[in-house]
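Here's the letter readout for the chains.
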Amino acid sequence: MEREGNSKQKADTIKYIIILAVITAGVLLQITTGQFPYDLIGYPVNLMIAIALIVLASAKPGKILTAAGSLPVSVFLIVLITILTIVMGLMPDNRLKGSWPFALTYFMILINLALIVGRRVRSFRLRDTGFILNHAGLFILLLSAGLGAADSQHLFMKIYEGETSSSAEDYVTGNRVGVPFKLTLEDFGIEYYAPKFFVIDTKSGIVEQLSDDFRQGLNVTCDTLTDAGYEHEAMVRVKGPGVDTSGWVSSGVNMQPGKVLQIDRDRYLSMGEPQTKSFCSSVVLINGNDSVLKNDIRVNHPMRYGSWRIYQFSYDRQMGSHSQYSVLELVRDPWIIPAYIGIFMLLAGAVSLFWKGGRL
Amino acid sequence: MIWSEFIYFAVISLFFWVSAVAAIYLSKKKTLPNIMFLTGVFVFSLFIARLWLTNGHPPLRTMGETRLWYSLFIVVIGYITWLRWNYKWLMGYSTLVSAVFIIINLLKPEIHSAGLMPALQSPWFVPHVTVYILSYAMMGAATIASIIFIAGNGEKHKDLIGLVDNLVRIGLGFLLMGMLMGALWAKEAWGDYWTWDPKEVWAFITAATYLVYIHLRRITINLKLLMWIIPVAFLLLMIAWLGVSYLPSAVNSIHTY
Ligand code: HEM
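Small disclaimer: the values here were computed from a predicted structure and weren't measured.

What counts and what doesn't
- Residue positions are counted from 1 within each chain, in the order its sequence is given.
- Chain letters and ligand numbers both follow the written order, the letters beginning at A and the numbers at 1.
- With the structure being a predicted model, the display of local features is reserved for residues of pLDDT at least 70 and the display and counting of side-chain atom pairs for 80 or more, all residues being used for whole-chain, interface and lining totals.
- Only hydrogens and water are set aside when side-chain values are computed; all heavy atoms of the structure are taken into account.
- Sites may look incomplete, because water is not among the atoms used; the donor set itself consists of N, O and S atoms within 2.8 Å of the metal (3.2 Å for Na, K and Ca).
- Only four donors with every angle between 85 and 135 degrees are called tetrahedral; only four or six donors with opposite donors over 155 degrees apart and all others between 65 and 115 are called square planar or octahedral, in that order; all others are irregular.
- Helix and strand definitions here come from DSSP, where helices need a minimum of 4 consecutive H or I residues and strands a minimum of 2 consecutive E residues; each element is numbered from the N-terminal end.
- Two residues qualify as a contact provided that any one of their heavy atoms is within 4.5 Å of a heavy atom in the partner residue.
- We define a salt bridge as a contact between a side-chain nitrogen of Lys or Arg and a carboxyl oxygen of Asp or Glu at a distance within 4 Å.
- Pairing between two strands is assigned when DSSP locates at least 2 bridges connecting them.
- Angles here are taken between N-to-C directions and fall from 0 to 180 degrees, while the axes themselves are lines fitted to C-alpha atoms, restricted in helices to the stretch in contact.
- Here a residue is near a molecule or strand as soon as one of its heavy atoms is found within 4 Å of it.
- Counted as a polar contact is a pair of N or O atoms within 3.5 Å, where, for protein atoms, one must be capable of donating a hydrogen and the other of accepting one, and residues adjacent in sequence contribute only when both atoms are in side chains.
- An automatic or database domain assignment is the source of the domain bounds shown.
- Each residue carries a pLDDT value, the predictor's own confidence for that position, ranging from 0 to 100.
- What is meant by a nonpolar core is a set of buried Ala, Val, Leu, Ile, Met, Phe, Trp, Tyr and Cys residues, joined one to another through side-chain atoms within 4.5 Å.
- A 1.4 Å probe rolled over the protein chains alone gives each residue an accessible area, and that area as a share of the maximum for its type sets the label: buried under 20%, exposed over 50%, partly exposed in between.
- Ring geometry is summarised as follows: Phe, Tyr and Trp rings, the Trp one being its six-membered ring, pair when their centres sit within 6.5 Å, and such pairs are stacked at plane angles under 30 degrees, edge-to-face over 60 and tilted between the two.
- Geometrically, a charge over a ring is one whose NZ (Lys) or CZ (Arg) sits within 6 Å of the ring centre while staying within 35 degrees of the ring normal.
- The length a helix should cover is 1.5 Å for every residue beyond the first.
- Arc, as used here, means the arc of the directions from the helix axis to the C-beta atoms.
- An angle below 35 degrees is treated as roughly parallel, one above 145 as roughly antiparallel, one from 65 to 115 as roughly perpendicular, and anything else as oblique.
- Residue polarity follows a fixed list, in which Ala, Val, Leu, Ile, Met, Phe, Trp, Tyr, Cys and Pro are nonpolar, Asp, Glu, Lys and Arg are charged, and the others, Gly among them, are polar.
- When two components associate, each loses some accessible surface as probed by a 1.4 Å sphere; the sum of these losses over both components is called the buried area.

Undergrad: A description of the coordination of the iron atom of the ligand should follow, citing residues and the corresponding values.
TA: Note on the iron atom of the ligand: its protein donors are A:H135 (NE2) and B:H215 (NE2). The metal-donor distances range over 1.8 to 1.9 Å. Every donor counted, the six donor atoms about the iron atom of the ligand form angles of 86 to 180° at the centre, which fits octahedral coordination. Placement of A:H135 in helix α7 (residues 129-147) and of B:H215 in helix α7 (residues 198-216) is noted, with the two residues assigned to different chains.

So, in structure tokens, the structure goes:
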């Protein structure tokens, strides 16, 4: 069952010392220069690094590269990044993800992965497919997520109903940046789930929720449901044995009880706060002068335009569905396609793990 | 309403699946369970096909519809694993999970689409969560096996290692699928597939620890020491699943709803 423990590899502790030296250098750089300068690896530097790694992977490895791409080094590196991540997980902020030691460990994993994938590809046999999917997929994903993300842009566009904008605020720098299209917000709206109603019996002091199964013989129809900031109001009509009335009820604000509707002598109808169903910005995107795209941007339904995706982000919370503006998040990630390729290779690789099980 | 017919299809499919599980335990041959199982799959797929045709679009829009696929996939996965590894209990387990989802759909096909906050209204929601739950089950079983191994005297339990290896790999397969689907979902919902949110940080730690096991397995000779990784990893898994919201790092987590 056990593979032969390569005694030469074991005696060879120098590679661990090198890795620890790199981490130590990272700690020193962190102390002297602060966070890892992520902007510096933006295009074209990241592309050059990616090409260099692929060249490295295809080169015939000498002694050093063989050691750098060996399994014990992999394990050592995975343990290292795990320890760093545990530290990150315990810290209240996640500054560690942008630190030198983390970036250097990440980079060493990329080198190690490139080397082992290269080795397997050169001696490819069909049964290596799962291995390649997992390791090459992870390599591509880590490359796109780590290096490629330096090219990504996250912008926020606050836009009023009826207005048009073609600039947005950078999340990191706070600068206003132009975007290669114009957006007009036609409408912003919030949809709510049907509110829950309660019947308060003042004589018995019992409050009961009306559900589909339990309606106390009452039929409540809700005509208009509006919100003014936090308070929701509904025009309801209640029908039942000896009851036929209508009026406004409201959910109340911040523990303040809302409006209730008297149904009969002892009973009142009250309304719970309705749950949000969707936030929706209806926008028109104008590219140049001629091409016009209409779209409803909702949570989980971003609008796509080239390498841009536009997300529903925020609105005027005081005003609720009467908000005059919407805040959209504009994200551009030019490396998203390789990232997806990596993710789908890993998904296929996971299936192979499942299939191959413990047979090494 | 086509959903009102669901009960007939569901009861018939479940009958065949439960019979298939019973047949696995009772009969030595695999023919009977195979026939039973595939008949169940056929009946269940028939309902999905009918729903698809009447809808005019693939039934993937509502939560009830995604649960339908999940009920089907989960038994198919259990079945394939059984074919491959002969784990009888896994077939029983996946049939049980499928039954739970079928029952939810029977009681209220739409119950979960009412009240779901916008970020959770996604076709990824059901597979993402359930694949994780499957993984937890596998890793839980692996942890029990590893503790028996650690407590026992080596030789006698040699066969347990093979079981732990299998369970950890299958469990890790599910764990990685859960993470990757989560990443795809996050990209649709929030614009980034990975942000080192506390929940993501702990999911990463957990997966990396299981990776250490899988890779160390090929070079370590001291199996007993190695086996300790499994309970430790399971502890981390529990932190990722239940504990994250109690950590100081979680104050800004988007995952603590
Ligand atoms: C998605 C994550 C990963 C999975 C599922 C995975 C899975 C595996 C599996 C199943 C094997 C044994 C394959 C076989 O013998 O056919 C293996 C071997 C190996 N893995 Fe990974 N691994 C992952 C990530 C990594 C990472 C991050 C590294 C490096 C830092 C790495 C380095 C290695 C090495 C060096 C081997 C031995 C390769 C050889 O002997 O040629 N793996 N991995």
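Undergrad: Please provide a residue-by-residue account of the interface of chain A and chain B, values included.
TA: Contact residues are listed per partner, giving 61 residues for chain A and 57 residues for chain B. Inspection of the region where chain A meets chain B yields two salt bridges. Taking the shortest distance from any N to any O, the salt bridge between A:R309 and B:E188 comes out at 2.7 Å. Tallying contributions element by element places helix α8 (residues 336-356) of chain A first for the side of chain A that touches chain B, with 13 residues.

Undergrad: Lay out the sheet that holds strand β13 (residues 303-305) of chain A with the relevant residues and their values.
TA: Strands sit in the order β12-β11-β3-β2-β1-β15-β14-β13 (chain A) across an open sheet of eight strands; the sheet is antiparallel. The strands lining the two open edges of the sheet, one partner per strand, are β12 (291-298) and β13 of chain A. Taking the axes of each pair of neighbouring strands and ignoring which way they run, one obtains an average angle of 35° across the sheet. Judged from the seven bridges that link them, strand β14 (residues 308-315) of chain A and strand β15 (residues 325-332) of chain A form a sheet pairing that is antiparallel. Residue A:Y311 lies in a different strand from β15(A), and its bridge partner there is A:E329. Across the sheet, helix α6 (residues 158-190) of chain B is in contact with β13, β14 and β15 of chain A; its angle to β14(A) comes to roughly 65°.

Undergrad: Outline the site of the ligand, listing residues and values.
TA: Looking at the ligand, there are 21 residues lining it, with A:S74, A:N112, A:H135, B:H215 and B:R218 nearest. This site is not confined to one chain, since residues near the ligand come from chains A and B. B:R218 places a side-chain nitrogen or oxygen 2.7 Å from an oxygen atom of the ligand. Those elements that provide at least two residues to the shell around the ligand are α5 (71-90), α6 (100-122), α7 and α8 of chain A together with α6 and α7 of chain B. Tallying contributions element by element places α6(A) first for the shell around the ligand, with six residues.

Undergrad: Got a sec to walk through the domain arrangement of chain A? Specific residues and values, please.
TA: Domain boundaries assigned for chain A yield domain 1 (2-151 + 337-355), domain 2 (153-190 + 277-332) and domain 3 (194-274). A straight line from the C-alpha centre of domain 1 of chain A to that of domain 2 of chain A covers 37 Å.

Undergrad: For the confidence of the model for chain A, give the residues involved together with the corresponding values.
TA: When pLDDT is averaged along chain A, the result is 87; 92% of the residues meet or exceed 70. Segment residues 1-5 of chain A is flagged for pLDDT under 50; beyond a separation of four residues in sequence, or across chains, it makes eight contacts in the model.

Undergrad: Please provide a residue-by-residue account of the sheet that holds strand β4 (residues 197-201) of chain A, values included.
TA: Within a beta sheet, neighbouring strands are joined by backbone hydrogen bonds and run either parallel or antiparallel to one another. Residue and element names in this part refer to chain A. Taken in spatial order, the four strands make up an open sheet running β5-β4-β10-β9, and their pairing is antiparallel. In this open sheet, the two strands that pair with only one neighbour each are β5 (206-210) and β9 (261-262). Pairing of β9 with strand β10 (residues 267-271), which is carried by two bridges, proceeds in the antiparallel orientation. For L261, the partnering residue across the bridge sits in β10 and is L269.

Undergrad: How would you summarise the nonpolar core if you had to cite specific residues and measurements?
TA: Within soluble globular proteins, side chains that are nonpolar tend to cluster in buried spots. Counting 90 residues, the largest nonpolar core has B:W17, B:Y210 and B:Y213 as its most contacted members. The element best represented in this core is α6(B), accounting for 16 residues. What B:Y210 contacts, discounting residues up to four positions off in sequence, is B:M139, B:V168, B:L172, B:L175, B:I230, B:A233, B:F234 and B:L237. In this structure, A:Y106, A:L113, A:F131 and B:V244 belong to the second largest nonpolar core, which totals 42 residues.

Undergrad: Just give me the short version of the packing of aromatic side chains, but keep the residues and values in it.
TA: For the structure on display, the rule yields 27 aromatic pairs over all chains. One aromatic cluster in this structure is built from B:W3, B:F6, B:F9, B:W17, B:F37, B:F44, B:F47, B:Y79 and B:W82. In this arrangement the basic side chain of A:K158 is found over the ring face of A:Y325, its NZ or CZ atom lying 4.3 Å from the centre. Just above the ring of B:W82 sits the side chain of B:K30; from NZ or CZ to the centre is 4.6 Å.

Undergrad: Tell me about helix α2 (residues 14-33) of chain A, and please be specific about residues and values.
TA: Residue and element names in this part refer to chain A. In a regular helix each residue adds 1.5 Å, so 20 residues correspond to 28 Å; α2 covers 28 Å between its end C-alpha atoms and thus fits that length. Burial in α2 covers these residues: K15, I19, I23 and G26. For α2, the angular spread of the buried residues around the axis is 85°, confining them to a single face. The outward face of α2, more than 90 degrees from its buried face, is lined by the exposed residues I14, I17, I18, L28, I31 and T32. Positive phi shows up at G34, right after α2, with a value of about 85°.

Undergrad: Would you mind going over the packing of helix α3 (residues 63-85) of chain B against helix α4 (residues 88-107) of chain B in detail, with residue names and values included?
TA: Residues and elements named next belong to chain B. Packing of α3 against α4 leaves a shortest axis separation of 8 Å and a crossing angle of 170°. For the element pair α3 / α4, the angle class is roughly antiparallel. Judged by residue contacts, G64, R67, L68, Y70, S71, I74, V75, G78, Y79, T81 and W82 of α3 engage K88, L90, M91, S94, T95, V97, S98, F101, I102, I104 and N105 from α4. Class assignment for the residues of the contact of α3 with α4 results in 12 nonpolar, eight polar and two charged.

Undergrad: Can you lay out the domain arrangement of chain B for me, pointing to particular residues and giving the numbers?
TA: Residues and elements named next belong to chain B. Taken as a whole, chain B is organised into domain 1 (1-113) and domain 2 (117-257). Listed by partner, the interface residues are 14 residues for domain 1 and 16 residues for domain 2. When domain 1 packs against domain 2, the two sides together hide about 1,200 Å² of surface, and 80% of this comes from carbon and sulfur. Remark: the boundary between domain 1 and domain 2 carries zero salt bridges. Joining domain 1 to domain 2, the criterion identifies zero residue pairs in polar contact (both at pLDDT 80 or more). Contributing elements (two or more residues each) for the side of domain 1 that touches domain 2: α3 and α4. Among the elements that take part in the side of domain 1 that touches domain 2, α3 stands out by supplying eight residues, more than any other. Classifying every residue of the side of domain 1 that touches domain 2 gives 11 nonpolar, two polar and one charged.

Undergrad: Now, about unusual backbone geometry: what can you tell me, with residues and values included?
TA: Here the amide bond leading from A:Y43 into A:P44 is cis, since omega sits at 5°, within 30 degrees of zero. As for its placement among the helices and strands, A:P44 is situated in the loop between α2 and α3 (45-58). Phi at A:N300 takes a positive value of approximately 75°, unusual for a residue other than glycine. Mapping A:N300 onto the fold places it in the loop between β12 and β13. Even without being a glycine, B:W196 presents a positive backbone phi close to 55°. If you trace the backbone, B:W196 turns up in the loop between α6 and α7.

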